[in-house]
Amino acid sequence: EGRIESVRVAIPEGFMAKQIADRLEAAGITTSAAFMEYVRANNLEGRLFPTTYFFAKGLAAPDVAHHMHQEFKQKVLPLYQAAGEDRFTADQILALASIVQREARAVDEMPTIASVYRNRLAKRMRLEADPTVQYAWGKDTGEWMKGMRFKHLEIQSPYNMYMYFGLPPGPICSPGLDAVKASLRPAQTDFLYFVADGESGRHIFTRTLVEHNAAIARVKAAQRRSK
């Protein structure tokens, strides 16, 4: 009858482009290689809106990516335009939001995490954000590194925010609306550090390096007791 069968594919918040590409290929929509070729050529990392789509099988990669990018422009860009942000460009806010997305497991912590990074930028401190290093290692494979070690912080990449000041050259994933809103309207804090508590997925926020190291020690002690 000439009808086209659509395939449902869910793109979670926090997926990097290669993860999206692999999921599209697994669903039979388009090939991962063709999708990534178009994404790289058009600088679409972080600009593919994470939501549920219905695509026809065998759809051309440019058509798929263009549709996802249009969703991004309709959903994300108006938030920036309405915020009246005068310190960061839209691209910089997107880069920050992508880091916040990867750091936060609880939505209510996103504004506080965003405040930490904006406070560090204001003080000309390095972001030292683990997700940027994970992205530098896995952007071509679609894998977020687990079990990071100090040796991994030596990767020569402009995305390594342990090595370079400022924001990364672009987003490291596709952030959701909550992360974008948090980056535009961060909590008003003087926090400069945070560490995951290791159990609930939440974080301990601190103002000084001494407090931060003490928080890390408490987390490690709790982990030893639980073992």
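## A closer look at the overall build of the protein chain
Okay, so step 1: Regarding its fold elements, the protein chain presents 9 helices and 4 strands.
Okay, so step 2: When its helices and strands are written in sequence order, the protein chain yields β-α-α-β-α-α-α-α-α-α-β-β-α.
Okay, so step 3: Its C-alpha atoms give the protein chain a radius of gyration of 19 Å, within 12% of the compact-globule value 17 Å for 227 residues.
Okay, so step 4: Considering only C-alpha atoms, the protein chain reaches an extent of 70 × 45 × 30 Å along its principal axes.
Okay, so step 5: Classification of the 227 residues of the protein chain by burial places 50% in the buried group.
Okay, so step 6: Of the contacts formed within the protein chain by residues at least 6 apart in sequence, a portion of 64% connects residues at least 24 apart.
Okay, so step 7: For the protein chain, the accessible surface area stands at approximately 12000 Å², while carbon and sulfur atoms represent 49% of it.

## Here we look at the environment of Thr 208
Okay, so step 1: Inspection of the secondary structure puts Thr 208 in the loop between β4 (203–206) and α9 (209–226).
Okay, so step 2: In this structure the C-alpha to C-alpha distance between Thr 208 and Glu 13, which are 195 residues apart in sequence, comes to 31 Å.
Okay, so step 3: Within the local environment of Thr 208, its side chain forms a polar contact with the backbone nitrogen of Glu 211, the two atoms lying 3.1 Å apart.

## A word on the nonpolar core
Okay, so step 1: Leu 24, Phe 35, Leu 48 and Met 68 are the most contacted members of the largest nonpolar core, which totals 61 residues.
Okay, so step 2: Not counting chain neighbours up to four residues away, the residues in contact with Phe 35 comprise Ala 17, Ile 20, Ala 21, Leu 24, Thr 30, Leu 48, Ala 61, Val 64, Ala 65 and Met 68.

## A few points about the packing of aromatic side chains
Okay, so step 1: Tallied over the entire structure, the rule returns 6 aromatic pairs.
Okay, so step 2: Centre to centre, the rings of Tyr 53 and Phe 55 are 5.2 Å apart; their planes meet at 15°, and the pair counts as stacked. Each member of the pair, Tyr 53 as well as Phe 55, carries the same accessibility label: buried.
Okay, so step 3: Seen from their ring centres, Phe 194 and Phe 205 are 5.7 Å apart, and the 45° between their planes marks the pair as tilted. Of this pair, Phe 194 sits in strand β3 (residues 193–196) while Phe 205 sits in strand β4, and the two are 11 residues apart along the sequence. Across this residue pair, the class does not change: Phe 194 and Phe 205 are buried.
Okay, so step 4: Ring-pair connections join several aromatic residues into one group, and the members of that group are Tyr 117, Phe 191, Phe 194 and Phe 205.
Okay, so step 5: Cation over ring: Arg 102 sits above Trp 144, and NZ or CZ is 3.8 Å from the ring centre.

## Things to note about the pairing of strand β1 (residues 6–10)
Okay, so step 1: The alternating pattern of β1 places Val 7 and Val 9 on a buried face, while none of Ser 6, Arg 8 and Ala 10, on the opposite face, is buried.
Okay, so step 2: Sheet topology places β1 next to strand β2 (residues 52–56); 5 bridges connect them, and they run antiparallel. In the strand pairing of β2, Ser 6 is matched with Ala 56.

## What to know about the pattern of salt bridges
Okay, so step 1: Tallied over the entire structure, the rule returns 10 salt bridges.
Okay, so step 2: A salt bridge links Asp 22 to Lys 18, with the nearest nitrogen and oxygen atoms 2.7 Å apart. In this pair, Asp 22 and Lys 18 both sit in helix α1 (residues 17–26), 4 residues apart, roughly one turn of the helix.
Okay, so step 3: Relative accessible area serves as the criterion here: at 32%, Asp 22 is assigned to the partly exposed category.
Okay, so step 4: Among the residues examined, Lys 18 registers a relative accessible area of 15% and is labelled buried.

## Quick word on unusual backbone geometry
Okay, so step 1: One non-glycine residue, Asn 43, lies in positive phi territory at about 55°.
Okay, so step 2: In this fold, Asn 43 is placed in the loop between α2 (32–41) and β2.
Okay, so step 3: Its identity is not glycine, yet Glu 128 carries a phi of approximately 50°, on the positive side.
Okay, so step 4: Mapping Glu 128 onto the fold places it in the loop between α6 (110–122) and α7 (130–138).

Reading the values: rules and limits
- Residues numbered from 1 in each chain as written.
- Predicted model: local features only at pLDDT ≥ 70, side-chain atom pairs only at ≥ 80, totals over all residues.
- Heavy atoms only, no water.
- Helix = DSSP H or I, 4+ residues; strand = E, 2+ residues; numbered from the N terminus.
- Rg over C-alpha atoms; globule rule 2.2 N^0.38 Å.
- Buried < 20%, exposed > 50% of the residue type's maximum accessible area, 1.4 Å probe, protein only.
- Contact = heavy atoms within 4.5 Å.
- Areas by Shrake-Rupley, 256 points an atom, 1.4 Å probe, with all protein chains shown as cover.
- Polar contact = N/O pair within 3.5 Å; in protein donor to acceptor, adjacent residues only side chain to side chain.
- Core = buried A, V, L, I, M, F, W, Y, C linked by side-chain atoms within 4.5 Å.
- Phe/Tyr/Trp six-rings, centres within 6.5 Å; stacked < 30°, edge-to-face > 60°.
- Lys NZ or Arg CZ within 6 Å of the ring centre and 35° of its normal.
- Pairing = 2+ DSSP bridges.
- Salt bridge = Lys/Arg side-chain N within 4 Å of Asp/Glu carboxyl O.

So yeah, pure geometry; function would need other evidence.
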